[in-house]
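# Fold and geometry: a report
Letter by letter, the chains look like this.
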Amino acid sequence: MQTSFTWVGGRPSVDFTATLGKRQQAPFERIPEPADLGRWFQEAGLAQVAPQVSRAVRGLAVELREALYRLFSGTALPADVGVVNRWSSRRLPGPRLTAERSLEGTSPTATDLLGVLARDGIDLLTGPLGGRIRTCAADDCSLLFVDASRAGRRRWCSMNTCGARAKMATYRSAD
Ligand SMILES: [Zn+2]
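Rules of the game
- Residues numbered from 1 in each chain as written.
- Predicted model: local features only at pLDDT ≥ 70, side-chain atom pairs only at ≥ 80, totals over all residues.
- Heavy atoms only, no water.
- Helix = DSSP H or I, 4+ residues; strand = E, 2+ residues; numbered from the N terminus.
- Buried < 20%, exposed > 50% of the residue type's maximum accessible area, 1.4 Å probe, protein only.
- Contact = heavy atoms within 4.5 Å.
- Donors = N, O, S within 2.8 Å, 3.2 Å for Na, K, Ca; no water.
- Tetrahedral: all angles 85-135°; square planar, octahedral: opposite > 155°, others 65-115°.
- Expected span 1.5 Å × (residues − 1).

### Side note on the environment of Thr135
- Topologically, Thr135 is positioned in strand 3 (residues 133-135).
- Taking the relative accessible area as the measure of exposure, Thr135 reaches 33% and is therefore partly exposed.
- Expressed as a C-alpha distance, the spacing of Thr135 and Phe145, which sit 10 residues apart in the sequence, is 6.4 Å.
- Not counting residues within four places of it along the chain, the set of residues in contact with Thr135 comprises Gln24, Ser142, Leu143, Leu144, Phe145 and Arg155.

### Looking at the coordination of the zinc ion
- Within the first shell, the zinc ion binds the protein through Cys136 (SG), Cys141 (SG), Cys157 (SG) and Cys162 (SG), at distances of 2.3 to 2.4 Å.
- In this structure, the zinc ion is surrounded by four donor atoms whose angles at the metal cover 105 to 115 degrees, and the resulting shape is tetrahedral.
- Classification of Cys141 as buried rests on a relative accessible area of 9%.

### Focus on the environment of Gly38
- Along the polypeptide, Gly38 turns up in helix 2 (residues 34-43).
- Spatially, the C-alpha atom of Gly38 lies 6.1 Å from that of Val53, the residues being 15 residues apart in sequence.
- Setting aside its immediate chain neighbours within four residues, Gly38 contacts Ala50, Pro51 and Val53.

### Here's the deal with helix 5 (residues 110-126)
- Between its first and last C-alpha atoms helix 5 spans 25 Å; for 17 residues at 1.5 Å apiece the expected length is 24 Å, and the two agree.
- Within helix 5, burial applies to Ala110, Thr111, Asp112, Leu113, Leu114, Gly115, Leu117, Ala118, Asp120, Gly121 and Leu124.
- Considering only its buried residues, helix 5 is in contact with helix 1 (12-17), helix 2, helix 3 (55-73), helix 4 (78-88), strand 3 and strand 4 (144-146).

Structure representation (structure tokens):
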């Protein structure tokens, strides 16, 4: 059975870190096979069709994912910056115009897309929301999200799941 992915991060690079679920509790891999990563790229909207992914590229993707996770969660290892920079410095195919002035459909490769994720991560870390990357406050959830709220006090990955459960718990404890 295919695992479903979660999309609460607010940025592709943050959602990518959620492909390892339940990090602090009982980690499980949401992209165990190369094809799962291809499907993730497609569902993330980064590719029209799922790109081919080799076993080697899937391994490199996991390495990049973990480097991004540590950078986002403030637990970076010295090597993590190098991993991200290696991917971000890859040349990416630019948009192409056809003679009819329309955009030529490009199909990025899996390695192109890892470059896109690395760039997104750098843009986030060095941008105005770099200090707003948070871990969900629920005990049984380890999802990261970008708090783009004006007040900057968002605590839950999603109000539909963890936020709703926390509210229920508050009601119950008020009895
Ligand atoms: Zn949560």
